[in-house]
Amino acid sequence: MKRLAHRAAAWYRADSVRALRLRLGLSFAANALYALINAVYGFLNHSYWFGTLAVYYICLALMRALAGTGTAVKNGWRLCRACGALLCALNVVLAGVVVLTLKDGHAFSYAGNLIYAMAAYAFYALISAAVQLARSRRGASSALLTSRAISLAAALVSMLSLEIALLARFGSETEIVTFVIPTGAGILLLNTALGAALIVRASREKQSGKAL
């Protein structure tokens, strides 16, 4: 078993592109699973909030697949730029979550103890994404940076949905309005900044003629 683990680790480290594709594949699966959970909750509870979140995470999963394609094409900067533009465009969906929450004066809530599992996932995702993005080297590929930017965007939205769910469970309608507006606005700005950074990176790659 130990020898098998060493072989697997050697196989993973032997090819950086292979390793990146594996990480992107795992991240894609995590986003798809999270989207599925929200879609099921939205369907069972007839909730527009969960349905909107499901759409958001489905789009992020597709963006991860797009970033993975960028590891194997010559002009990968095109895919990096497309992901940056899509990340900015997805702010419309995110704004819809905030507007729906404020319009009805209440929010979605996870049933039973599922909220604690979602809280653990949200904090882990945020810390992991922030650390990975901070560790990105200057010469890192655009595909890798795109993946990590998407991870951070997904983690930020997970924190927003967790905040709304916690306020729905333990807070009041007034507290929902008070806290959701600044948090939602901040995440919208951060996501826009991430998308813009990817677009700028893609533009630089295009000008330098560097293959990703």
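Quick notes on the rules
- Position numbers for residues count from 1 along each chain, tracking the sequence in the order it is written.
- In keeping with the predicted nature of the model, local features appear solely for residues at pLDDT of at least 70, side-chain atom pairs appear and are counted solely at 80 or more, and the whole-chain, interface and lining totals rest on all residues.
- To get the side-chain values, all heavy atoms of the structure are used, and hydrogens and water are removed first.
- For this analysis, a nonpolar core means a set of buried residues of the types Ala, Val, Leu, Ile, Met, Phe, Trp, Tyr and Cys, connected via side-chain atoms within 4.5 Å.
- Buried means the residue's accessible area, taken with a 1.4 Å probe over protein chains only, is under 20% of the maximum for its type, while exposed means over 50%, and partly exposed covers the values in between.
- In DSSP terms, a helix is any run of H or I states spanning at least four residues, a strand is any run of E spanning at least two, and both are numbered starting from the N terminus.
- Working rule for contacts: check all heavy atoms of both residues, and any pair within 4.5 Å makes them a contact.
- Residue count minus one, scaled by 1.5 Å, sets the expected span of a helix.
- Comment: arc refers to directions from the helix axis out to C-beta atoms.
- UniProt positions are given in the numbering used here, feature names are shortened, and annotations may be inferred rather than shown by experiment.
- Ring pairs are drawn from Phe, Tyr and Trp, using the six-membered ring of Trp, whenever the two centres fall within 6.5 Å, and their geometry is named by plane angle: stacked under 30 degrees, edge-to-face over 60, tilted for the rest.
- Polar contacts, as counted here, are pairs of nitrogen or oxygen atoms within 3.5 Å of one another; within protein the pair requires one atom able to donate a hydrogen and one able to accept it, and residues that are adjacent in sequence qualify only if both atoms are side-chain atoms.

Q: What's the story with the nonpolar core in this structure? I'm lost.
A: A general trend in soluble globular proteins is that nonpolar side chains are found buried together. If you look at the biggest cluster of nonpolar residues, it comprises 35 residues, and the most contacted ones within it are Y56, Y57, L60, M63 and V157. For this core, the secondary-structure elements that each account for two or more residues are helix 2 (16-45), helix 3 (48-69), helix 4 (77-89), helix 5 (91-104), helix 6 (114-134), helix 7 (142-170) and helix 8 (173-208). When residues in this core are grouped by element, the largest group, 11 residues, is from helix 7. Apart from the residues within four sequence positions on either side, M63 is in contact with C83, L86, L87, L90 and I150.

Q: Please clarify how helix 6 should be interpreted in this entry.
A: Here helix 6 is 21 residues long and its end C-alpha atoms lie 30 Å apart, about the 30 Å a rise of 1.5 Å per residue gives. Every buried residue of helix 6 is listed here: I115, M118, A119, A122, A125 and A129. Seen along its axis, helix 6 keeps its buried residues to an arc of 135°; they face one direction. Away from its buried face by more than 90 degrees, helix 6 exposes Y124, I127 and A134.

Q: For this particular structure, what's the right way to read the environment of A120?
A: With respect to the helices and strands, A120 occurs in helix 6. Using a relative accessible area of 49% as the deciding quantity, one classes A120 as partly exposed. Sequence-wise, A120 and L162 are 42 residues apart; in three dimensions their C-alpha atoms are separated by 9.9 Å.

Q: In this structure, what is going on with the UniProt feature "transmembrane region" (unreviewed entry) in the protein chain? I would like to understand it.
A: Listed under "transmembrane region" (unreviewed entry) in the UniProt record, and renumbered for this structure, are residues 20-41, 47-67, 79-102, 114-133, 145-170 and 176-200. The straight-line gap between the two end C-alpha atoms of residues 79-102 is 35 Å; of that span, 96% is helix and 0% is strand. Across residues 114-133, the secondary structure splits into 100% helix and 0% strand, with the terminal C-alpha atoms separated by 28 Å.

Q: Would you explain the packing of aromatic side chains in this entry?
A: Per the stated rule, a full pass over the model turns up one aromatic pair. Considering the side-chain rings of Y56 and Y57, the 5.8 Å spacing of their centres and the 80° angle between planes classify their relative orientation as edge-to-face. The pair formed by Y56 and Y57 is uniform in burial state, with each residue classed as buried.

Q: I'm lost on the side chain of N91 in this one. Help?
A: For N91, the location among the structural elements is in helix 5. Of the residues examined, N91 reaches a relative accessible area of 10% and is grouped as buried. A polar contact of 2.7 Å, which involves the side chain of N91, links it to the side chain of T192. Excluding residues that lie within four positions of it along the chain, N91 makes contacts with L188, N191 and T192.

Q: Where do I start with helix 4 in this structure?
A: Because an α-helix completes one turn every 3.6 residues, residues spaced three or four positions apart along the sequence face the same direction. The terminal C-alpha atoms of helix 4 lie 18 Å apart, and with 13 residues this matches the ideal 18 Å at 1.5 Å per residue to within 8%. Turning to helix 4, its buried residues number three or more, namely W77, L79, C80, C83, G84 and L87. Looking straight down helix 4, one finds its buried side chains confined to an arc of 160°; they lie on one side.

Q: Would you take a moment to explain the environment of V92 for this structure?
A: Mapped onto the secondary structure, V92 falls in helix 5. Sequence separation of V92 and Y56 is 36 residues, and the distance between their C-alpha atoms is 9.6 Å.

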